[in-house]
Amino acid sequence: MASFDRATIIGVGLIGGSLGLALRARHLVQEVVGVSRAEKTIAAARDRGAIDRGTVDPMAGVAGADLVILATPPDLVVPMAQRVLPYLRPGAVLTDVASVKAEIVRSVEALVGPQSRVMFVGGHPMAGTEGRGVTAASATLFEGTAYLFTPTPRTDPGTLERLSALARSLGAAPVTLDPQDHDRTVALTSHLPYLVAVALMGITQTATPAAGPAFLGATRVARSPVELWAQICRLNRESILGALRVFREELTRLEGALGNGDRLTTMLENARKARLRLVEPPAPREMT
Ligand code: NAP
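Residues numbered from 1 in each chain as written. Predicted model: local features only at pLDDT ≥ 70, side-chain atom pairs only at ≥ 80, totals over all residues. Heavy atoms only, no water.

### Concerning the domain arrangement of the chain
The cut-off we apply is this: The split of the chain into domains comes from an automatic or database domain assignment. In this analysis, two residues are considered to be in contact whenever any of their non-hydrogen atoms come within 4.5 Å of each other. Buried area adds together the accessible area that both of two parts lose upon being put together, with accessible area traced by a 1.4 Å probe. Put simply, DSSP H or I for four residues or longer makes a helix, DSSP E for two residues or longer makes a strand, and each gets a number counted from the N terminus. Each residue gets one label: Ala, Val, Leu, Ile, Met, Phe, Trp, Tyr, Cys and Pro are nonpolar, Asp, Glu, Lys and Arg are charged, and the others, such as Gly, are polar.
In terms of domain boundaries, the chain breaks down into domain 1 (4-177) and domain 2 (182-277). With centres defined by C-alpha atoms, the gap from domain 1 to domain 2 works out at 30 Å. Each partner contributes residues to the interface: domain 1 has 16 residues there, and domain 2 has 17 residues. With both chains or domains summed, domain 1 and domain 2 bury close to 1,400 Å², and 59% of this area falls on carbon and sulfur atoms. For the domain 1 face of the interface with domain 2, the top three residues by lost area are D75, V100 and E130, together amounting to 42%. Among the elements of the structure, α5 (102-112) and β7 (146-150) are those that each provide at least two residues to the side of domain 1 that touches domain 2. Of the residues assigned to the side of domain 1 that touches domain 2, the class counts are seven nonpolar, four polar and five charged.

Dropping the structure here:
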């Protein structure tokens, strides 16, 4: 069972709103406070059941919280951490959910400082949809997914364990990764698939009635909000370039194998076996 009383979520959108819904539905904290720029987002989050109360003032929002989750777009995580850090209570746990970690973790750790009594651990739930905002949020979004944490030598092991326990309570499997390894890994498993979807749409610009399930599945993620992905691509550029290089090499191998039945069959069979070993999370649903 998790061990937090009041969670403040800054940015109650798809991920922040889903965390609020899940924390409340599973009674994992006493109270969820939401912070947003707009009163109407707070009202929507309250109506949706994602928060108990909300404010547009981040400093007031974090007062008394023992868990603060930064769930804004990636570009705002560090500036927001800088704003609220002086208002966090001693012993408070600070985490974020941004899709890119190395630069964010380095910057927030520098802000927190070695003597601080605020405990920071970077986080990234491997859950999501192409939706945005609290209306797209779901209490079950994290079930059956991996919740990545990116500790560093400065991370307090007890805090990492508390957050891992919280992730397990959300139905997710906590996984720890070095921040740089995280960025290289998700460049391959998340950022490359997004760019492949973009490329597929790029070469078939017009809506075609011949778009079958394979095409629709492979390009679904291209429907995602562009602002978010533009930030991710900029923040993880180096690792994404590496992933694109590896992908291009694999396409070249496939191209060569097209003239060689055995080699092609081996490549297809290897891919099939590897894909069959992947476990898909259940579709998000209403929690009763
Ligand atoms: P989203 O649905 O657009 O939510 C972002 C929220 O941040 C919005 O509700 C927005 O509300 C709020 N916000 C923006 N600026 C703010 C500010 N200055 N102060 C307070 N709140 C602010 O985006 P999301 O998909 O949840 O992404 C949020 C984070 O989760 C990102 O860091 C992303 O990398 C990460 N993530 C996303 C996914 C995914 O699949 N989408 C998966 C894993 C991790 P207002 O505009 O009303 O302020």
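### Let's talk about the packing of α5 against helix α7 (residues 179-203)
When two helices pack together, you describe them by how their axes are tilted relative to each other and by the distance separating the axes. Let me state the cut-off plainly: Note on geometry: axes are C-alpha line fits, over the in-contact stretch for helices, and angles between N-to-C directions span 0 to 180 degrees. Note on angle classes: values under 35 degrees are labelled roughly parallel, values over 145 roughly antiparallel, values of 65 to 115 roughly perpendicular, and the remainder oblique.
At a minimum axis separation of 8 Å, α5 and α7 run at an interaxial angle of 155°. Between α5 and α7, the angle is such that the two are roughly antiparallel. Between α5, through A102, V105 and R106, and α7, the contact on the second element is made entirely by P179, Q180 and D183. Its residues placed into classes, the contact of α5 with α7 shows three nonpolar, one polar and two charged.

### Describing the pattern of salt bridges
Put simply, the rule reads: Salt bridges are counted wherever a side-chain nitrogen of Lys or Arg sits within 4 Å of a carboxyl oxygen of Asp or Glu. Any residue under 20% of the maximum accessible area for its type is buried, any over 50% is exposed, and the rest in between are partly exposed; the area is computed with a 1.4 Å probe on protein chains only.
This model, assessed by the stated rule, comprises 15 salt bridges. Where D96 meets K101, a salt bridge forms, and the shortest distance between an N and an O atom there is 2.7 Å. Look at D96 and you get buried, because its relative accessible area is 0%. The salt bridge partner of E161 is R168, with a shortest N-O separation of 2.7 Å.

### Observations regarding unusual backbone geometry
Despite not being glycine, H27 shows a phi value in the positive range, around 55°. Note that H27 resides in the loop between α1 (14-25) and β2 (31-35).

### Overview of empty space enclosed by the protein
Filter applied, for reference: The pocket and cavity definitions rest on a 1 Å grid over protein atoms only: a 1.4 Å probe that fits but cannot leave marks a cavity, an open set with protein on both sides within 12 Å along at least five of seven lines marks a pocket, and residues lining either have an atom within 4 Å of a point. Grid points are joined across faces, edges and corners, and a volume is the space filled by probe spheres set on the points.
Across all of its chains, the model carries one cavity of 30 Å³ or more by this definition. Lining of the largest cavity is provided by L67, I69, T95, Y147, F149, L163, L166, A167 and L170. Looking at the lining of the largest cavity, the elements with two or more residues in it are β4 (67-70), β7 and α6 (157-169). Sort the elements by how many residues they give to the lining of the largest cavity and α6 lands first, with three residues. Of the residues belonging to the lining of the largest cavity, the class tally is eight nonpolar, one polar and no charged.

### Observations regarding the packing of helix α4 (residues 77-84) against α5
Short version of the rule: By convention, the crossing between two helices is left-handed when the near helix turns anticlockwise from the far helix through less than a right angle, and right-handed when the turn is clockwise.
Two elements in contact, α4 and α5, have axes separated by 10 Å at closest approach and are oriented at 15°. When the interaxial angle is binned, α4 and α5 end up roughly parallel. As for how α4 packs across α5, the hand of that crossing is right-handed. On the side of α4, the interface is formed by V77, V78, A81 and Q82, while α5 contributes I104, S107, V108 and L111. Along the lines of polarity and charge, the residues of the contact of α4 with α5 split into six nonpolar, two polar and no charged.

### Digging into the packing of aromatic side chains
Short version of the rule: Aromatic pairing here means that ring centres of Phe, Tyr or Trp (its six-membered ring) are within 6.5 Å. Orientation follows from the plane angle: under 30 degrees is stacked, over 60 is edge-to-face, and everything else is tilted.
One pass over the full model with this rule turns up two aromatic pairs. On the numbers, 4.7 Å between centres and 15° between planes, the contact of Y147 with F149 is stacked. Exposure class is identical for Y147 and F149. Each is buried.

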